[in-house]
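# Coordinates in review
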Amino acid sequence: MTRLEEAREFFKADVFATQTTGIVIEEVADGYARCSLEAEEKHMAAHHHVMGGALFTMADFAFAVAANPPGKMTVTANSNISYISMPKDARLVAECRQIKDGRRACYYETRITDGQGNLVAVVTAMGMHMN
């Protein structure tokens, strides 16, 4: 089983991200994950733009995938999101990269872009290694 297949199998238990929200894991590597979402009506706020909570869910899920390789448990200790611009189309991509990994804590940055490559949001997360 490839690392991508293993991640998809493990994280399908995250029902909110994968089934309810519809986020797809596209790529996984050491300290890295790329996830995508096709925004639908269910993801829209009252002004008909993607709800901030949907964007945060993408970033939180991408962090979980990047920071939890097989056999490791890392949880979010703190996270901050900056909304930069509204997406110009329905495709959203969250790329999460490890900035620092220590013995007990780690720090990651997730950049969410739309299908045209426009920056939509930036999220930083500090995680705590539980094992």
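Provided above is the structure to which this section pertains.
Residues numbered from 1 in each chain as written. Predicted model: local features only at pLDDT ≥ 70, side-chain atom pairs only at ≥ 80, totals over all residues. Heavy atoms only, no water.

### Section: the overall build of the protein chain
Each helix and strand counted, the protein chain has three helices and six strands in total. For the protein chain, the N- to C-terminal ordering of α and β elements is α-α-β-β-α-β-β-β-β. The C-alpha atoms of the protein chain give 14 Å as radius of gyration, which agrees with the globular expectation for 131 residues (14 Å, within 12%). Expressed along its principal axes, the backbone C-alpha trace of the protein chain runs to roughly 45 × 30 × 20 Å. By residue count, 38% of the 131 residues in the protein chain fall in the buried class. A fraction of 58% describes how many contacts in the protein chain between residues 6 or more apart in sequence connect residues 24 or more apart. Surface accessibility of the protein chain: about 7200 Å² in total, with carbon and sulfur atoms responsible for 54%. Where the 13 positive side-chain charges of the protein chain centre and where its 16 negative ones centre are 7 Å apart. (Helix = DSSP H or I, 4+ residues; strand = E, 2+ residues; numbered from the N terminus. Rg over C-alpha atoms; globule rule 2.2 N^0.38 Å. Buried < 20%, exposed > 50% of the residue type's maximum accessible area, 1.4 Å probe, protein only. Contact = heavy atoms within 4.5 Å. Areas by Shrake-Rupley, 256 points an atom, 1.4 Å probe, with all protein chains shown as cover. Lys, Arg positive; Asp, Glu negative; His and termini not counted. Charge placed at Lys NZ, Arg CZ, Asp CG, Glu CD.)

### Structural notes on the sheet that holds strand β6 (residues 119-129)
Strand pairing within a sheet occurs via backbone hydrogen bonds; the two strands may be parallel or antiparallel. Here six strands make up an open sheet; going across it, the order is β1-β2-β4-β5-β6-β3 and the pairing antiparallel. Each end of this open sheet is capped by a strand with a single partner; those strands are β1 (24-29) and β3 (74-83). Adjacent strand axes in the sheet meet at a mean angle of 20° when their direction is disregarded. With five bridges connecting them, β1 and strand β2 (residues 32-38) associate as antiparallel partners. If you follow Val 28 over to β2, its bridge partner there is Ala 33. Sheet contacts for helix α3 (residues 52-67): β1, β2, β3, β4 (91-101), β5 (105-114) and β6; angle to β3, the most-contacted strand, approximately 140°. (Pairing = 2+ DSSP bridges. Axes fitted to C-alpha atoms, helices over the stretch in contact; angles between N-to-C directions.)

### So, a nonpolar patch on the surface
A cluster of nonpolar side chains, Met 73, Val 75 and Met 130, forms an exposed patch at the surface whose accessible area comes to about 260 Å². By secondary structure assignment, the location of Val 75 is in strand β3. (Patch = residues over 30% accessible without salt bridge, like charges linked within 9 Å, V, L, I, M, F, W, Y side chains within 5 Å. Salt bridge = Lys/Arg side-chain N within 4 Å of Asp/Glu carboxyl O.)

### Comments concerning unusual backbone geometry
Leaving glycine out, the prevailing phi sign among residues is negative, and the prevailing peptide bond configuration is trans. Of note, His 48 is a non-glycine position whose phi angle comes to about 60°, a positive value. Structurally, the position occupied by His 48 is in the loop between β2 and α3.

### Side note on the pattern of salt bridges
Across all of its chains, the model carries eight salt bridges by this definition. Between Glu 26 and Arg 34 there is a salt bridge, and its shortest N-O distance comes to 2.9 Å. Judged by relative accessible area, which is 22%, Glu 26 ranks as partly exposed. The exposure class assigned to Arg 34 is partly exposed, which follows from its relative accessible area of 24%. In this structure, Arg 91 engages Glu 26 in a salt bridge whose closest nitrogen and oxygen atoms are separated by 2.8 Å. With a gap of 65 residues between them, Arg 91 in strand β4 and Glu 26 in strand β1 connect regions that are remote in the sequence. Taken together, the salt bridges that share partners define one network made up of Glu 26, Glu 27, Arg 34, Glu 38 and Arg 91.

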